[in-house]
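A look at the structure
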Amino acid sequence: MKATSARLLRLLSLLQTRKDWPGADLADRLEVSPRTVRRDVDRLRELGYPIRATMGTGGGYQLGAGAALPPLLLDDDEAVAVAVGLRTAAQGGVSGIEETSVRALAKLLQVLPSRLRRRVDALGAFTVPMPGAGPTVDSDVLTLIASACRDSERLRFDYESHDGTLSRRIVEPHRLVSRGRRWYLVAWDTAREDWRTFRADRMRPLTPTGPRVPPRDPPAQGVAAYLAERMSVHMWPHQARIRLAVPAEEAERRGIGDHGRIEPADGDSCVLVCAGDSFRMMACYLAMLDVEMEVEEPDELRAEMARLAVRLNRAASG
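First things first, this report covers the structure right here in the doc. Everything quoted here is computed from the prediction, not taken from an experiment.

A word on the overall build of the chain. When helices and strands are tallied, the chain shows eleven helices and 13 strands. With 318 residues in all, the chain has 35% of them scored as buried. Surface summary for the chain: the accessible area is close to 19300 Å², and the carbon and sulfur share equals 53%.

Dropping the structure here:
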């Protein structure tokens, strides 16, 4: 009986890690016969777990949604991660889930072993949240996007760009990325036939989602690096090129490349390709860099830097 119970818990844990499990794969993982897997699945169904089975070559088992939430299996690290995530959600960032996050956190803390509760309490006692201003994304929207990523389903949505322009997009979603208080979707845009990045708070998904498609290979440099490059250069309306009087390695070491792309020029200089909402903001940022520079383009940035220099001179001499 003990061996059977342990095997059932292991089977349930496996079913929670993937959407679809071929019966043969489960049998190999559990080191039992496919017939035993079928009997164990029936036992879990009797306990209230909605497990669907499909026949045929590509058939297998899938843990579905039921009328009530069955118990979930979490290891120690997963339980702590869920508790910390609920505390973070209760402080804002995703709209509409603050109150429910507090209720869920209270239930989880009630059943956590004391050793895990101490870890969660330490994080809560010695970290200070500092909510920032900015847009929040609706929790239902975020859940829908994440589900489309998980299931490799095409996603249709209306999108509002930074200048307020509306467009209809059809994409193959790949990953959701959280940066600061904002969420971004990295997806393959079917109309543009290229990878694109979308702010989740500007998306209005249309249901139902589209058909399932084979997952694409992610951007060559990786999702995080791709998003960082998009955010530093391509997502902004104004771009500029600035020659810096330091080698590319020195510019990267100083962190100048965190807000743009560094292009090597020669042994003594490099080019910073940066972008922003306005040339005035770009001029202010460049003024803070402790390095000699020359604006290669555009003229609008040169004019803003000249106006900034006049104001700073006037303030210094006053």
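Once that is clear, we can look at the side chain of Arg 169. Of note, Arg 169 is situated in strand S6 (residues 166–179). Look at Arg 169 and you get buried, because its relative accessible area is 13%. In this structure the side chain of Arg 169 is engaged in a polar contact, spanning 3.2 Å, whose partner is the side chain of Ser 167. Polar contacts involving the side chain of Arg 169 include one to the side chain of Asp 189, which spans 3.1 Å.

On to the sheet that holds strand S8 (residues 194–199), then. Pairing is antiparallel in the open sheet, where five strands are placed in the order S8-S7-S6-S5-S9. Because the sheet does not close on itself, it has two edges, and the strands there are S8 and strand S9 (203–206). Adjacent strand axes in the sheet meet at a mean angle of 50 degrees when their direction is disregarded. Taken together, the six bridges between strand S5 (residues 155–160) and S6 define a ladder with antiparallel strand orientation. Pairing of Glu 160 across the sheet is with Leu 166, part of S6. Of the strands in this sheet, S5, S6, strand S7 (182–189) and S9 are in contact with helix H7 (residues 139–151), which crosses S6 at around 85 degrees.

All of the buried residues in helix H10 (residues 279–287) are Phe 279, Met 282, Ala 283, Tyr 285 and Leu 286. Along the axis of H10, the buried residues cluster in a sector spanning 165 degrees; they form a single face. Residues of H10 that are buried make contact with strand S10 (238–244), strand S12 (269–276), strand S13 (293–297) and helix H11 (299–317).

We now examine the packing of aromatic side chains. One pass over the full model with this rule turns up four aromatic pairs. Measuring from ring centre to ring centre gives 5.1 Å for Tyr 159 and Phe 198, while their planes differ by 80 degrees; the resulting arrangement is edge-to-face. You can see Tyr 159 sitting in strand S5 and its partner Phe 198 sitting in strand S8, a full 39 residues away along the chain. Here Tyr 159 matches Phe 198 in class, with each residue buried. Within the aromatic cluster, the residues linked to one another by ring pairs are Phe 157, Tyr 159 and Phe 198.

A separate point is helix H2 (residues 23–30). Considered for burial, the residues of H2 that qualify are Gly 23, Leu 26, Ala 27 and Leu 30. Buried residues of H2, seen end-on, are gathered within an arc of 100 degrees and therefore sit on one face of the element. Positive backbone phi, approximately 60 degrees, marks Glu 31, located one or two places after H2.

Angle between the axes and distance between the axes are the two parameters that describe a pair of packed helices. Between H10 and H11, the shortest axis-to-axis distance is 9 Å and the interhelical angle comes to 60 degrees. Our classification of the angle between H10 and H11 gives oblique. Crossing of H10 against H11: the hand is right-handed. Two secondary-structure elements touch here, H10 through Phe 279, Arg 280, Met 282, Ala 283, Cys 284, Leu 286 and Ala 287 and H11 through Glu 300, Leu 301, Glu 304, Met 305 and Leu 308.

As a further point, take the sheet that holds strand S11 (residues 261–266). Taken in spatial order, the four strands make up an open sheet running S11-S12-S10-S13, and their pairing is antiparallel. Edge positions in the sheet fall to S11 and S13, since each has one partner strand and no second. Adjacent strand axes in the sheet meet at a mean angle of 30 degrees, parallel and antiparallel pairs treated alike. Pairing geometry for S10 and S12, over seven bridges, is antiparallel. Counterpart to Ala 240 in the pairing with S12 is Cys 274. H10 rests against S10, S12 and S13 of the sheet, and its axis sits at about 25 degrees to S10. Sheet contacts for H11: S10 and S13; angle to S13, the most-contacted strand, approximately 145 degrees.

Before going further, it helps to spend a moment on the pattern of salt bridges. One pass over the structure, following the stated rule, counts 23 salt bridges. Between Glu 172 and Arg 154 there is a salt bridge, and its shortest N-O distance comes to 3.5 Å. Taken together, the residues Glu 172 in strand S6 and Arg 154 in the loop between H7 and S5 connect sequence positions 18 residues apart. Assessed through its relative accessible area of 8%, Glu 172 is described here as buried. Given the relative accessible area of 31%, Arg 154 is considered partly exposed. Between Arg 196 and Asp 194 there is a salt bridge whose closest N-O contact spans 3.3 Å.

What counts and what doesn't
- Residues numbered from 1 in each chain as written.
- Predicted model: local features only at pLDDT ≥ 70, side-chain atom pairs only at ≥ 80, totals over all residues.
- Heavy atoms only, no water.
- Helix = DSSP H or I, 4+ residues; strand = E, 2+ residues; numbered from the N terminus.
- Buried < 20%, exposed > 50% of the residue type's maximum accessible area, 1.4 Å probe, protein only.
- Areas by Shrake-Rupley, 256 points an atom, 1.4 Å probe, with all protein chains shown as cover.
- Polar contact = N/O pair within 3.5 Å; in protein donor to acceptor, adjacent residues only side chain to side chain.
- Pairing = 2+ DSSP bridges.
- Axes fitted to C-alpha atoms, helices over the stretch in contact; angles between N-to-C directions.
- Contact = heavy atoms within 4.5 Å.
- Arc of directions from axis to C-beta.
- Phe/Tyr/Trp six-rings, centres within 6.5 Å; stacked < 30°, edge-to-face > 60°.
- Parallel < 35°, antiparallel > 145°, perpendicular 65-115°, else oblique.
- Left-handed = near helix turned anticlockwise from the far one by under 90°.
- Salt bridge = Lys/Arg side-chain N within 4 Å of Asp/Glu carboxyl O.

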